Every structure is written in structure tokens, then in C-alpha cells.
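Next come the chains, spelled out residue by residue.
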Amino acid sequence: MTRSSFCLGLGLAALAPLHAIAEDLDDSLLLDEITASASLTPVATNRTGATVETLDRDQIAAGGQNLGETLATLPGVTIAQNGGLGQTATLRIRGLSNGYIATRIDGMDFSDPSGTPTALQFGTLTPGLASRIEVLKGSQSALYGANAIGGVIDMTSWRPDRPGLSGRAEVEAGTYGTYSGTLSFGNMTDRGQIALTMSHVETHGFSARDGNRESDGFDQDLILLSAEFDATEQLTLGFSALYSDSKTDYDDNATDTSPVTASTETRKGVRVFAGFDIGTVENELAFAWTQTERGYDSPSWGRSSFTGKRRTLSYLGSTDLTEAARLSFGADWSEQEADLSSGNVDTESRAVFGELQYALSDAADLSFSLRHDDYSDFDNQTTGRLALAWRLEDDLILRAVLGTGYLTPSLYQLFDSAYGNPDLKPESSRSAELGLEKRFGRDGFVKATLFHTEIDDLIGYDDDTFVTKQVPGTTTSKGIELSARHALSQTAHIFGNYTYTDSRGSEGRSTNVPRHDLMLGIDTALGDRANARLTLQRSTDSVDSSGALDDYTLAGAMVSYALTDSSEAYLRVENLFNDDYQTFRGYNTSGRALYVGLRASF
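What counts and how
- Residues numbered from 1 in each chain as written.
- Predicted model: local features only at pLDDT ≥ 70, side-chain atom pairs only at ≥ 80, totals over all residues.
- Heavy atoms only, no water.
- Helix = DSSP H or I, 4+ residues; strand = E, 2+ residues; numbered from the N terminus.
- Buried < 20%, exposed > 50% of the residue type's maximum accessible area, 1.4 Å probe, protein only.
- Contact = heavy atoms within 4.5 Å.
- Areas by Shrake-Rupley, 256 points an atom, 1.4 Å probe, with all protein chains shown as cover.
- Lys, Arg positive; Asp, Glu negative; His and termini not counted.
- Charge placed at Lys NZ, Arg CZ, Asp CG, Glu CD.
- Pairing = 2+ DSSP bridges.
- Salt bridge = Lys/Arg side-chain N within 4 Å of Asp/Glu carboxyl O.
- Core = buried A, V, L, I, M, F, W, Y, C linked by side-chain atoms within 4.5 Å.

Engineer: Teacher, can you tell me more about the overall build of the protein here?
Structural biologist: Counting secondary structure elements, the protein contains five helices and 33 strands. Per-residue burial over the protein gives 57% buried out of 602 residues. Summarising the internal contacts of the protein: among those between residues at least 6 apart in sequence, 61% fall at separations of at least 24. Approximately 24,000 Å² of the protein is accessible, and the part contributed by carbon and sulfur atoms is 57%. In the protein, which carries 48 positive and 84 negative side-chain charges, the distance between the mean positions of the two groups comes to 2 Å.

Engineer: Looking at this structure, I do not really get the pairing of strand E15 (residues 281–298). What am I missing?
Structural biologist: In regular strands, side chains alternate between the two faces of the sheet. Where strand E14 (residues 262–278) and E15 come together, 17 bridges link them in antiparallel fashion. Along E15, the bridge assignment pairs valine 272 with phenylalanine 287. Counting the residues that bridge the hairpin from E14 to E15 gives two residues, and of these glycine 279 lies at a positive phi of roughly 65°. In this structure, E15 lies alongside strand E16 (residues 302–320), joined through 17 bridges in antiparallel fashion. Its bridge partner being in E16, glutamate 282 is matched across the sheet by serine 318. Connecting E15 to the next strand, E16, in antiparallel fashion are three residues.

Engineer: What's the story with the pattern of salt bridges in this structure? I'm lost.
Structural biologist: Side chains that differ in sign of charge can pair as their charged atoms come close. One pass over the structure, following the stated rule, counts 42 salt bridges. Note that arginine 385 and glutamate 355 form a salt bridge whose closest N and O atoms lie 3.5 Å from each other. Residue arginine 385 is found in strand E20 (residues 381–393), and its partner glutamate 355 is found in strand E18 (residues 343–359); the two are separated by 30 residues along the sequence. For glutamate 355, a relative accessible area of 1% translates into the label buried. Each of Glu53, Arg94, Lys137, Glu433, Lys447 and Glu481 takes part in a single network of salt bridges with overlapping partners.

Engineer: What's the story with the nonpolar core in this structure? I'm lost.
Structural biologist: Across soluble globular proteins, you tend to see nonpolar side chains buried next to one another. If you look at the biggest cluster of nonpolar residues, it comprises 27 residues, and the most contacted ones within it are Leu71, Leu129, Ile133, Ile153 and Met155. Examining the composition of this core, we find that three residues originate from one element, strand E5 (residues 89–93), more than from any other. Contact partners of isoleucine 153, with chain neighbours within four places excluded, come to Leu71, Leu91, Ile93, Ile101, Ala102, Thr103, Arg104, Phe122, Ile133, Glu134 and Val135. Grouped together as the second largest cluster of nonpolar side chains are 13 residues, Leu143, Tyr144, Val152 and Phe353 included.

Geometric descriptors of this kind do not, in isolation, establish any biological role.
Set out below in C-alpha cells:
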């Protein structure tokens, strides 16, 4: 079975009573779960050395309208945002920001080649986008190529989970004039499936900038379509498509109240694939096209627009060499194109890659990955990853990973007429991690992971001219992730995670990276049909170029009630104690906010 077609079926389960996001914040600890992102082909999580966190569709839906903030409930993941929903957001994995994170949505890469850097804008991601999310941590360039130094976020949209017609509907309303609705439906047969998701989100919002009271709103329409069909016993055909269109009001400065100041973003993408068997080799051939269009209107700066496009043709094959060894191999071609204010520019690359997964014994699995990329505009890159999973006991796993990675300069950083530098070269990285996890039945676990990443040839900019340049020295991000869950009873759990991150370069500490990030919570049943959750999140010791940022503590609460076996109503309160805080200096965050909603499957 090929990687893509397998991904289509992951994370599909019937609607269950709502549970906490973080109560199951590491579903990947379940020893029989399969991950699609940790290797070139799907692998059981207890047989990979890589650290993978997962969010299922109920956890995603429970997290609110900002998908980036939901991701930030996971260990090692933080977010800093320039205001509310729709505003520019920087997501970090282990202290490394958007540009170091490879992203896939139904197998499509929506990182924007016209951006600075090439990255996905997490501020406009809403929960209707995904039904399952995997967060793979550490340098993964040997699997995913450029810009996967910090890790990979792999998102899969809703799929039917039983034969026949089925679906899911959600509506929500709340503070700041926020309304949203998502409808997913599809059909599954013994030969394939088709799924459609439509979502709309709108909010009047609050002022992005600290200093004025004008509201900065956001609205978005989203459509996702996917299908997969077994044409014969040896041939599977499929496709996925995405369209989203959003508008965000923003502030040029602290006194900007003009209704003209707004940005637009349109994402479009299509991926088609064919999976086929030739002898004992499973093969997949795929082509993907994605495009991101951004526009900005400002009374001060006028109109500016940017378009980034990406075309990728890929092949992946896999075969069992022996009962203990599986070989995966492939090649891809990719072209990136950007329409900048200075004109149209493009670059292309070719790659060959492979991975050997080998069972050293019944208790230990080793994987070795190697990739070589040939670029048209700078030196070729070769990266590797070695990962070990050693099951010391049935409920005790030791994980170890060594990897190298690289990040390429964006087309804007290379070729913009005002700020670009065509002499830039890729950043290079080395990373290591060592983890241990202990399970206590199915309701409890303790997990600890040490991580260390070094990056050379950092791409920065001149403080006076703002022209991009190579920064000398080595940037280091290191620390420890701790997470745990404990069953107080059959109906109540406590859970939490803590991450210590020390991230710094030649010019001092990395900005907007909290040194200490803590999340605690409790989830409990209230009778047969109701469920309640309380969470507490504490972020401390973060700095920016102006000095220390204020520490903050956020509390949240949620109560859900099962109306029937397949529907529920809920009440969610965010920032329960109305804490006044900022994740990015000079930009506001939400005060206390209340939301009510209905969710049903059919």
C-alpha cells in the first residue's frame, strides 16, 4: 500500500463524546497506532525512533477557531501572533519557526515560495481544514527535502469512516461576533471513497495593534475535495484538491483605524496520484500543483501583491527485501515560481532518496534514510537520518535519532530587487534526540525527550538596509520535553506537558521563544452524558529585540453534553480569567471569550 493512499484512511473513527485536546495529546503512544509521516511508508509508532505527536478530529474541533493555537497545546510547540485570527502567526517547533517546518495538507505543500521565508501562514488556518494532524519533530530533510529542520506538520482532511453515505456537521458562535460552520460528507464503497468538506468562518475580531480600539475582522471560505478508487486489484487512482479564500483586516501602526487596511489570501491546490504494483514492488506516481496569492491594501503603502506557485512530480516505490527489511526509494522534480514586485522568478530542483527499515530483533527497529537534492541556483545538498526504536519492555520504549537538514533561501530573499541577495546559500543543520516513554495500561504514560539542533549559515538581514545576508556563527536550539497522563478513575484524567527550550545564535537568544512552557489540565465525566475540562497554560522567560516579554498564564474551560449518541452541544471559555498578555510585542490577544456550538455525525 502506498504512502498517500494509506494517509487517506488514517485517523478515521466514529464521533465519540468530546474529550480534551491534551488528554490524548500524544495518541501516538498507543502501541498499535500507525503514523504516515515518520517514514517514507507508514509505520507503527512503537517501531520508529522519531517523535510524533497527533491530534484527532475531536481534539482539533475542541481547540477553537485558531488551528495554530490548538497545535501549540502539544509539547515543544509554541505560537506568537500579530493579533487575532487571520493575522500573521509564527509557529515554532522546539524553538524553530515556520520557515524550518515542512507542511503538507492532503499531500500538498502549501509553503509560499514568495514569502520571507518560504513557509505556510499558520494564522489563517481554521479547524475545518483537518481531521487528523501529525507533528513530526526534528530534522527530517532526508525524508522531506528542504525546510524540514524543525520538523513536519502533516494534515489530513475529513474522510468517511464506514461504508455508505456519512458525514459530520458543526456550527459555532461566540464572542467578537464570531460565527463558523463546517459540513463534511462522503461515500465509501468496497472499491473507494469520495469526501467533500465546506467551511466558513467569520469574526469581527479585536484590534490587532495595542493602542487603538478598532476591530480587525477575518472571514474565510474553504473547500476540500478528495477521492480514491481501486480501478483494478493492482491499480488505485486518486486526487485531492483545496481552495480557500480569506480576508483579514490589519493595522499598519498603533493609530491605524482605516477600514481600507486589509490583506487577502487565496490558496489553491490539486494533487493526483496513481498507486500500482509491479511484482513485489508497490509504486506511486503523483503530481501536485499549489498556488498562494497574497494581497495587501494600505493607505500608507498602497497596493502590493505576491504569488507563489509550486509544481512537483514524484515517484515512490517500496518492497520487502526480507521479513526483517523493507526498502523504500524514489525521486522527485519540483519547480517554485514567485511573482514579486520586481518581476517573475523561479527555481527548480531534482532529488533521489531512499530509506531502509530493518528489524534488528523482535524488540528493536532501525531505519536509515538518505536524500540528495540537485538545485538550479545553489550547491547540491545531501542529508541523512538514522533512527532507533528499542522496546526495552512491552510498555517501555527508548528512541534515538540523528539527522541532518537544510533550509533554502526563498525566492524573495534571493531575487527581490530591493532586499534580495543572489549570493545566499542554504542553511545546514545537525540534530539529535533521545527519548524514553513508559506506559501505564491504556490510560497513563510518562514521556521525556532530550533534543539538540545546530544550524550554520543562518539567513538574516542587515539591520540598516534590510537586505538579506548570511549570519556567521552557529544557532543552537536544545532542551527537554516532558509529558504525562494519569487516570484518577475510569472517568477522570489529569494530563500535562512541559518544555524547556534554550535557543540562541551568535547575536544572543532567539526572539519570541519561551524558555519555559507548561500546560496542565483535568478532564472528567459529569454523569452519563456530560464532560468537563479545565486547562492551564503558563509561558515564561521570552525575549525580543526590545527586552523581556511579560510572562502569562491562560486558563480555559469546556463543558459538553451528548444530546444523542451522535450529537453534542458544548460551551467553551477561552482566557477564563481575562489575562492581558502579548505573544508578540505591541499586538493584542483575545480577552475572555465564550463560544457555544453543536456538533453531529450522520
